[in-house]
Amino acid sequence: MPRWLPRAVVLVLALIACYRLGSWAFHQLIGLLVNILIAFFLALAIEPAVSRMAARGMRRGLATFLVFLAVLVASVGFVVLLGSMLAGQIVEMVGSFPRYLDSVIGSINATFHTELSRLAIQDSLLHSDWLQKYVQDSASGVLDVSATVLGGLFRLLTVGLFAFYFAADGPRLRRALCSVLPPAKQAEVLRAWEIAVAKTGGYLYSRGLMALVSGLAHYVLFAFLGVPYAPALAVWVGLVSQFIPTIGTYLAGALPMLIAFTVDPLYALYVLGFVVVYQQFENYVLQPKLTSRTVDIHPAVAFGSVIAGTALLGAVGALIAIPAVATLQAFLGAYVKRYALTAEAEAGAPTPGPRRRVRLPGLR
């Protein structure tokens, strides 16, 4: 046996063990790493406001706390307003449900010449097996829902805590990172940090503009139909559809449909049709142009980055995909050497070559 073979075997086994241990640790900590990534982009989003307040003499910790407090107060106020509105509308809808059901049953009886009765339908539903099974499953799933809610609150607290430290200790974090790098690399890190702050702010600015346009468009519809709480519903649609990726549009459209149903069931169909049409307009006209201008990336790249981010990290990846790709593109653009185009390349046509006559065999 060669003398180096036992050492090679031990080294290979040690490398495999380190790889397995690192893979296990990464999968165990992937939730924490995603939370830190979200907190980092959240800190980049509030960095301009915190830096502006710190430039006026305020401590960064206090400035960060005030920004977080303003965001928290606005979010809680918005949720409380919509919660009270939704509770009142649900009570009204439940009280009017028998009247709606009688109207639907009367229309069915008149159209199909049937003899349906609301009391008979209610009795059959209350004694149905699927309803009893649904109630049992819902009762057994209360603990799972409670655990999910508590887990979401803990994750939100973790993201907020990391984002606060990233924003409050931003200069100190940059100095600590640059202190282990040579001077040339320090300039690159600082430039990448500034680009990330600008691109993240531009992305939020574009989302805010789209939320404003969406809210105004839906407010016009709600006011025209006479739907109650039209301003609050317009704000709901604008914010939820833009800042909750993938399923935000469906969540935003469900509440106005519910409120419109209490006024007239036909109005709910009008709201659904408008939401679908406006979503197509936003996806194919408004969002690509506005995102490409504020974040400075091609509309196709913006659309592809959202799809890739969703495939990698789900809703979180869809939310941070565009600012991340815009930051990477702007940072790499500084290292890509560009050349002047020739006349043929500028015209987009190949250079024509000399023509030659080809004589086929048997032809004169």
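Just so it is clear, the structure is predicted and the values come from calculations on it, not from any experiment.

What follows is about empty space enclosed by the protein. Inspection of the entire model under this criterion finds two cavities of 30 Å³ or more. Here the largest cavity is characterised by a volume of approximately 70 Å³. Lining the largest cavity are S214, H218, V237, S241, T249, A252, G253, V275, Y278, Q279 and E282. Elements that contribute at least two residues to the lining of the largest cavity include exactly α7 (183-225), α8 (230-243), α9 (248-263) and α10 (265-294).

This part covers the packing of aromatic side chains. Both the distance between ring centres and the angle between the ring planes are used here to describe each pair of aromatic rings. As enumerated under the stated definition, the model contains eight aromatic pairs in all. A ring pair is formed by F162 and F166, whose centres lie 6.3 Å apart and whose planes are at 35 degrees; its orientation type is tilted. One end of the pair, F162, and the other, F166, are both in helix α5 (residues 142-168), four residues apart, so they sit about a helical turn from each other. Plain terms: the ring middles of F164 and Y165 are 6.0 Å apart, the flat faces sit at 65 degrees to each other, and that makes the pair edge-to-face. Exposure remark for Y165: the relative accessible area of 45% places this residue in the partly exposed category. By way of ring pairs, the aromatic residues F40, F41, F162 and F166 are connected into one cluster.

Here the largest pocket is characterised by a volume of approximately 2100 Å³. As for the largest pocket, its lining consists of 39 residues, of which L42, V71, S75, L156 and F243 are closest to the centre. At the level of elements, α1 (4-55), α2 (60-112), α5, α7, α8 and α12 (315-333) are the ones that each hand at least two residues to the lining of the largest pocket. A breakdown of the residues in the lining of the largest pocket according to their chemical character gives 34 nonpolar, four polar and one charged.

Here we take up the confidence of the model for the chain. This prediction gives the chain a mean pLDDT of 78; 81% of its residues lie at or above 70. Least confident of the elements in the chain is helix α4 (residues 129-140), whose mean pLDDT is 64; most confident is α1, at 88.

Right, let's talk about the side chain of N35 for a bit. Here N35 shows up in helix α1. Residue classification places N35 among the buried positions, given a relative accessible area of 9%. N35 has contacts with R155, T158 and V159, leaving out every residue within four places of it along the chain.

Attention now moves to α9. For α9, built from 16 residues, the straight-helix expectation of 22 Å at 1.5 Å per residue is met to within 8% by its first-to-last C-alpha distance of 24 Å. Among the residues of α9, G248, T249, A252, G253, L255, P256, I259, A260 and T262 are the ones counted as buried.

Here the focus is the side chain of E47. For E47, the position within the fold is in helix α1. Within the structure, the side chain of E47 is placed 3.3 Å from the side chain of R60, a separation counted as a polar contact. Those residues in contact with E47, other than ones at most four positions away along the chain, are R60, A167, R174 and V197.

The next point concerns the packing of α1 against α7. Taken N-terminus to C-terminus, the directions of α1 and α7 make an angle of 85 degrees; their axes are 8 Å apart at the nearest point. The angle between α1 and α7 places the two elements in the roughly perpendicular class. When α1 is examined against α7, the residues F40, F41, L44, A45, E47 and P48 are found in contact with a partner set consisting of W193, A196, V197, T200 and L204.

Let us now look at the pattern of salt bridges. With the rule as written, the count across this model stands at two salt bridges. We note a salt bridge from E47 to R60, for which the minimum N-O separation is 3.3 Å. Placement of E47 in helix α1 and of R60 in helix α2 is noted, with a sequence separation of 13 residues between them. By relative accessible area, which is 7% here, E47 ends up buried. Residues E47 and R174 are paired through a salt bridge, measuring 4.0 Å at the closest nitrogen-oxygen approach.

Conventions adopted
- Residues numbered from 1 in each chain as written.
- Predicted model: local features only at pLDDT ≥ 70, side-chain atom pairs only at ≥ 80, totals over all residues.
- Heavy atoms only, no water.
- 1 Å grid on protein atoms, 1.4 Å probe; cavity = no way out; pocket = protein on both sides within 12 Å on 5 of 7 lines; lining within 4 Å.
- Points joined across faces, edges and corners; volume = space filled by probe spheres on them.
- Helix = DSSP H or I, 4+ residues; strand = E, 2+ residues; numbered from the N terminus.
- Phe/Tyr/Trp six-rings, centres within 6.5 Å; stacked < 30°, edge-to-face > 60°.
- Buried < 20%, exposed > 50% of the residue type's maximum accessible area, 1.4 Å probe, protein only.
- Nonpolar A, V, L, I, M, F, W, Y, C, P; charged D, E, K, R; others polar.
- pLDDT = per-residue confidence, 0-100.
- Contact = heavy atoms within 4.5 Å.
- Expected span 1.5 Å × (residues − 1).
- Polar contact = N/O pair within 3.5 Å; in protein donor to acceptor, adjacent residues only side chain to side chain.
- Axes fitted to C-alpha atoms, helices over the stretch in contact; angles between N-to-C directions.
- Parallel < 35°, antiparallel > 145°, perpendicular 65-115°, else oblique.
- Salt bridge = Lys/Arg side-chain N within 4 Å of Asp/Glu carboxyl O.

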